[in-house]
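# Results of the structural survey
Letter by letter, the chains look like this.
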Amino acid sequence: MTELSVEKLTKNYSLLHQEISALIEGENNMFANIGNILAAIKFRMNWFWVGLYKVDQDELVLFMFQGPHACTRIKKGKGVCGTAWEENRTIIVEDVEKFDGHIACNSNSKSEIVIPIKDISGTISYVLDIDSAELNTFTKLDAKELNKIKAVIETLI
Ligand code: SME
C-alpha cells in the first residue's frame, strides 16, 4: 500500500469508529445496534458483503448481514469462517481462490477477512465475515481496526 492509501484508509476507519459510536449511543437493542454497525461498515468502506455468522452447536448459521444472500450454514473447520472459528484467530485471505476449502457463496467475492467474536464467557459465539469484490483488500491495518469494532460487538451480544 502507498503512504497515501494508508492515510486515506486510516481516515476512513476513524470516521467509521465515530459513526459506530454515534449510532449505538443510548440504544440497547442488540439487533438495531448490530444492524447499524454492519450497515456502517458496508457503506463507509464500500465492501461487497459484511455480516455475522452465529455459532449453533457444530455449525455457523447466517445471522445479520448487509449484501447479497449468502450460504446459510457452515460446519466448524470448513471455509474461511469455520477455520477462523476452529483456530480462534483472525484470517485474512488475499485471494479466495488460493484458500483451500474456501466456500464461494458469491463469485463476486475475491478477498476476505474473518474475525471470531467471543461472548462474555470467552466462548466464540459469532464470526464477523467481510468480503471484498477486489483481490488483496485486507491488511494488518484492517485486522487491527476491525478488531476494535469486534470489541464493540462483544459488548452488545
Ligand atoms: N467465504 C466464506 C463463506 C461465507 S460468505 O463469504 C458470505 C467462507 O469460506 O467461509
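Reference entry: report on the structure contained in this document. (Residues numbered from 1 in each chain as written. Predicted model: local features only at pLDDT ≥ 70, side-chain atom pairs only at ≥ 80, totals over all residues. Heavy atoms only, no water.)

### Overview of the state of the cysteines
Overall, the coordinates contain 1 disulfide when judged by the stated rule. For Cys 81, which is in no disulfide, the shortest distance to another cysteine sulfur is to Cys 105 and amounts to 7.5 Å. (Disulfide = S-S within 2.5 Å.)

### Thoughts on the pattern of salt bridges
A side chain of one charge can pair with a side chain of the opposite charge when the charged atoms of the two come close. Inspection of every chain in the model, using the stated rule, returns 8 salt bridges. Here Glu 19 makes a salt bridge to Arg 44, at a shortest N to O gap of 2.5 Å. Of this pair, Glu 19 sits in helix α1 (residues 3–24) while Arg 44 sits in helix α2 (residues 30–45), placing them 25 residues apart in sequence. For Glu 19, a relative accessible area of 27% translates into the label partly exposed. In this structure, Lys 150 and Glu 154 form a salt bridge, with 3.9 Å as the shortest nitrogen-oxygen distance. Placement of the pair is Lys 150 and Glu 154 together in helix α4 (residues 140–156), with a separation of 4 residues, close to one helical turn. Accessibility expressed as a relative area gives 18% for Lys 150, which makes it buried. What you see here is one network of salt bridges that share partners, running through Asp 58, Glu 59, Arg 73 and Lys 75. (Salt bridge = Lys/Arg side-chain N within 4 Å of Asp/Glu carboxyl O. Helix = DSSP H or I, 4+ residues; strand = E, 2+ residues; numbered from the N terminus. Buried < 20%, exposed > 50% of the residue type's maximum accessible area, 1.4 Å probe, protein only.)

### A look at the site of the ligand
Inspection of the region around the ligand gives 13 residues, with Val 80, Cys 81, Ile 103, Glu 112 and Asp 131 positioned closest. With respect to the ligand, the side chain of Glu 112 contributes an N or O atom lying 2.8 Å from a nitrogen atom. Note that an oxygen atom of the ligand is positioned 3.4 Å from one of the side-chain N or O atoms of Asp 129. Here the ligand loses 98% of its free accessible area of 310 Å² to cover by the protein chains. Here the ligand is seated within the largest cavity. Mapped by element, the contributors of at least two residues to the shell around the ligand are β1 (49–56), α3 (79–87) and β6 (124–132). With 3 residues, the single largest contributor to the shell around the ligand is α3. The residue inventory of the shell around the ligand, partitioned by class, reads 8 nonpolar, 2 polar and 3 charged. (Near = heavy atom within 4 Å. Polar contact = N/O pair within 3.5 Å; in protein donor to acceptor, adjacent residues only side chain to side chain. Areas by Shrake-Rupley, 256 points an atom, 1.4 Å probe, with all protein chains shown as cover. 1 Å grid on protein atoms, 1.4 Å probe; cavity = no way out; pocket = protein on both sides within 12 Å on 5 of 7 lines; lining within 4 Å. Sits in = over half its atoms within 2 Å of the grid points. Nonpolar A, V, L, I, M, F, W, Y, C, P; charged D, E, K, R; others polar.)

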